[in-house]
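Below are the chains, spelled out letter by letter.
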Amino acid sequence: MTTSPRTVMRIYFHLQDAELYERLLTVLEGITPRVQTHPADWSADADLTGALRYWDRDPEGLAAVIRLRVLALYGIQTSAGVGPSRMIAAMAAAVTPPGAATIVGNTPFEVAAFLRPRRASALPGVGPATARTLSRYGINTVGDIADTPLATLQRILGIAAGRQAFDRAHGTDDRPVIPAAAPRTITRTRRFDRDELDPDQHHRSVIGLAEQLGSQLRDTHAVCQALTLTVTYADRTSTRRTRTLAEPTAHTPTLADTGHELLTGLGLQRARVQAISLRTERLQPAEHAPRQLTLDPRNDQARSLEAALDRARTRFGTGIAGSAAAYRTR
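Everything quoted here is computed from the prediction, not taken from an experiment.

**Topic: the overall build of the chain**
Phase 1: Scanning the chain from N- to C-terminus turns up 12 helices and 10 strands.
Phase 2: Residue burial in the chain is summarised as follows: out of 330 residues, 46% are buried.
Phase 3: Taking all contacts inside the chain whose residues are at least 6 apart in sequence as the whole, residues at least 24 apart take part in 67%.
Phase 4: Surface accessibility of the chain: about 17300 Å² in total, with carbon and sulfur atoms responsible for 52%.

Listed below in structure tokens is the structure:
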């Protein structure tokens, strides 16, 4: 018995509203029950393999139906990529402008034709630092990675990272689309009007996002146990880092410090950044969370100041007070 090749779609919704994102997911779920959400960048993966026969469409036709429904019902433009795996679909969507779709066929030739010309940094798992390391050895494209012996890649990148880069450069990605409700998180995103090169603006944005997340957590009497930073570059590729916090918290300085450390660890230098997102993860009620007592009076002073800022924000609205580092000096 032969099995049909997989068909996966990655779709980006060009929006800023979390509630609208949830409604847009129902459009996908009306086509296929196998939908995996990515709220950090307002995207989702949909396994269309079984839906193609049900709707009697080819991949390009079904992708067009989904995009048209989203546009007709909510007026939202989308970018979509379709391919035989989650990785191919995501890479195809990343190079697709709003209002369009990129379809990659499922034959080895079609997969190779799509992958090989891409820059090495376009391959998931190859961030800017790894791409610079590979470039020193003359490995600049996905095709170069595919043509490099596995043992050589593992000497350059390490055993696990070398194997992952080698497999993905050959189009190997067996990860399934896992249907699940969106995890209990809060995400805030700063999208720049133009590609932002200034590292100071990157860091100010992270601090501003941390302030927004901290205030919303405290407003809802919740704390988070982890923080995820996602940086999206001008070419629509992205880098994501997650850190588990020492203790559950809604304390803005802790969130800001963690976000700052995650951003600094990326070593972006003068990267062309399109958007930065911070996401709090594994939320729980604040009253159930333990708090580590300290003897440092500065910690108590910071929390008292934070409470005063929350009261000012409640009375006068957002943007009245906050960290000076989050704002550009006039």
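Let us keep going from here.
**Concerning the packing of helix H10 (residues 199-219) against helix H11 (residues 252-265)**
Phase 1: At a minimum axis separation of 8 Å, H10 and H11 run at an interaxial angle of 145 degrees. The two elements H10 and H11 meet at a crossing, and its hand is right-handed. Here H10 contributes His 202, His 203, Val 206, Ala 210, Glu 211, Leu 213, Gly 214, Ser 215, Leu 217 and Arg 218 to the contact with H11, which in turn contributes Thr 252, Leu 255, Ala 256, Gly 259, His 260, Leu 263 and Thr 264.
Phase 2: The residue inventory of the contact of H10 with H11, partitioned by class, reads seven nonpolar, eight polar and two charged.

**Some points on the pattern of salt bridges**
Phase 1: Scanning the model with the defined rule gives 10 salt bridges in all.
Phase 2: Salt-bridge contacts for Arg 10 lead to Asp 45; the nearest nitrogen and oxygen are separated by 2.4 Å. Pair noted here: Arg 10 is in strand S1 (residues 8-13) and Asp 45 is in strand S3 (residues 43-47), with a separation of 35 residues, a long-range link.
Phase 3: Taken together, the shared-partner salt bridges in this structure form one network comprising Arg 10, Asp 45 and Arg 86.

**Topic: the confidence of the model for the chain**
Predicted coordinates in regions of low pLDDT should not be interpreted in detail.
Phase 1: When pLDDT is averaged along the chain, the result is 85; 83% of the residues meet or exceed 70.
Phase 2: pLDDT under 50 marks residues 292-296. Its contacts with residues more than four places away, or in other chains, come to two contacts.
Phase 3: Between residues 324-330, whose pLDDT stays under 50, and residues either more than four places distant or in other chains, the model counts 14 contacts.

**Overview of the layout of surface pockets**
Any empty space left between the atoms is revealed when a probe the size of a water molecule rolls over them.
Phase 1: If you add up the space inside the largest pocket, you get close to 1300 Å³.
Phase 2: What lines the largest pocket is a set of 49 residues, among which Ser 121, Pro 124, Thr 237, Ser 238 and Thr 239 lie closest to the centre.
Phase 3: When contributions to the lining of the largest pocket are tallied by element, the ones reaching two or more residues are S1, S3, helix H4 (86-94), helix H6 (128-135), helix H9 (159-169) and strand S8 (238-249).
Phase 4: It is H6 that provides the largest number of residues to the lining of the largest pocket, a total of six residues.
Phase 5: Classifying every residue of the lining of the largest pocket gives 20 nonpolar, 14 polar and 15 charged.

**Describing the packing of aromatic side chains**
Phase 1: A full pass over the atoms with the stated rule returns three aromatic pairs.
Phase 2: With a centroid separation of 6.2 Å and an interplanar angle of 70 degrees, the aromatic rings of Phe 13 and Tyr 21 are classed as edge-to-face. There is no split in this pair, since Phe 13 and Tyr 21 are both buried.
Phase 3: Above the plane of the ring of Tyr 12 lies Arg 236, whose end atom (NZ or CZ) is 4.5 Å from the centre.

**Things to note about the environment of Glu 60**
Phase 1: In this fold, Glu 60 is placed in helix H3 (residues 59-74).
Phase 2: Separated by 44 residues in the primary sequence, Glu 60 and Val 104 have C-alpha atoms spaced 9.4 Å apart.

**A few points about the nonpolar core**
Phase 1: Leu 229 and Val 231 are the most contacted members of the largest nonpolar core, which totals 27 residues.
Phase 2: Only strand S6 (186-196), H10, strand S7 (222-233), H11 and strand S9 (273-281) provide two or more residues apiece to this core.
Phase 3: Considering every element that reaches this core, the biggest residue donor is S7, with seven residues.
Phase 4: Sequence-distant contacts of Val 231, that is, excluding residues within four places in its chain, are made with Thr 237, Ser 238, Thr 239, Leu 263, Leu 266, Leu 268, Val 273, Ala 275 and Ile 276.
Phase 5: Counting 26 residues, the second largest nonpolar core, distinct from the first, contains Phe 13, Leu 20, Ala 63 and Ile 76.

**So, the sheet that holds strand S4 (residues 78-83)**
Phase 1: Taking strand neighbours across the sheet as the criterion, the five strands line up as S2-S3-S1-S4-S5 in an open arrangement whose pairing is mixed. Every interior strand has two partners, whereas the edge strands, strand S2 (35-38) and strand S5 (100-103), have only one. Averaged over neighbouring strand pairs, the angle between their axes works out to 15 degrees when direction is ignored.
Phase 2: Together, S1, S2, S3, S4 and S5 form the strand contacts of H4, whose direction differs from that of S4 by roughly 145 degrees.

**Some remarks on H10**
Phase 1: The end-to-end C-alpha distance of H10 is 30 Å, a good match for the 30 Å that 21 residues give at a rise of 1.5 Å each.
Phase 2: Its side-chain oxygen placed 3.0 Å from the backbone nitrogen of Asp 200, Asp 198 serves as the N-cap of H10.
Phase 3: A positive phi of about 55 degrees marks His 221, the residue just after H10.

**Remarks on the environment of Ile 88**
Phase 1: Mapped onto the secondary structure, Ile 88 falls in helix H4.
Phase 2: Linking Ile 88 and Leu 115, residues 27 residues apart in sequence, is a C-alpha distance of 8.2 Å.
Phase 3: Ile 88 has contacts with Gly 83, Val 104, Val 111, Phe 114 and Leu 115, leaving out every residue within four places of it along the chain.

The rules behind each value
Within every chain, residues take consecutive numbers counted from 1 along the sequence as written. Residue-level local features of this predicted model are given only where pLDDT is at least 70; pairs of side-chain atoms are given and counted only at 80 or more, and the full residue set underlies all totals for whole chains, interfaces and linings. Note: side-chain values were computed over all heavy atoms of the structure, leaving out hydrogens and water. Numbering of helices and strands runs from the N terminus; a helix is a DSSP stretch of H or I covering at least four residues, while a strand is a stretch of E covering at least two. Burial classes: relative accessible area under 20% of the type maximum marks a residue as buried, over 50% as exposed, and values in between as partly exposed (1.4 Å probe, protein chains only). Contacts are assigned to residue pairs with any non-hydrogen atoms lying within 4.5 Å of each other. Only the protein chains shown count as cover for residues, and the accessible areas themselves come from Shrake-Rupley with a 1.4 Å probe. Helix axes use the C-alpha atoms of the stretch in contact, all axes being lines fitted to C-alpha atoms, and the angles between their N-to-C directions lie in the range 0 to 180 degrees. Crossing handedness is read from the near helix: turned anticlockwise from the far helix by less than a right angle, it gives a left-handed crossing, and turned clockwise, a right-handed one. Basically, the charged four are Asp, Glu, Lys and Arg, the nonpolar ten are Ala, Val, Leu, Ile, Met, Phe, Trp, Tyr, Cys and Pro, and anything else, Gly included, counts as polar. The working definition used for a salt bridge is a side-chain nitrogen of Lys or Arg within 4 Å of a carboxyl oxygen of Asp or Glu. What pLDDT conveys is the predictor's confidence in a given residue, as a value from 0 to 100. Method remark: on a 1 Å grid restricted to protein atoms, a set of points is classed as a cavity if a 1.4 Å probe fits but cannot get out and as a pocket if it is open with protein on both sides within 12 Å along at least five of seven lines; lining residues have an atom within 4 Å of a point. Grid points are joined across faces, edges and corners, and a volume is the space filled by probe spheres set on the points. Think of it this way: a Phe, Tyr or Trp ring, Trp meaning its six-membered ring, pairs with another when their centres are within 6.5 Å, and the plane angle makes it stacked under 30 degrees, edge-to-face over 60, tilted otherwise. The rule is short: NZ of Lys or CZ of Arg within 6 Å of the ring centre and within 35 degrees of the ring normal puts a charge over the ring. Side-chain atoms within 4.5 Å link the members of a nonpolar core, which is a set of buried Ala, Val, Leu, Ile, Met, Phe, Trp, Tyr and Cys residues. Any two strands are treated as partners once DSSP identifies two or more bridges connecting them. The span you would expect from a helix comes to 1.5 Å times its residue count less one. For the purposes of these results, a polar contact is taken to be a pair of N or O atoms within 3.5 Å, where, inside protein, one atom must be able to donate a hydrogen and its partner to accept one; residues adjacent in sequence count only when each atom of the pair is a side-chain atom.

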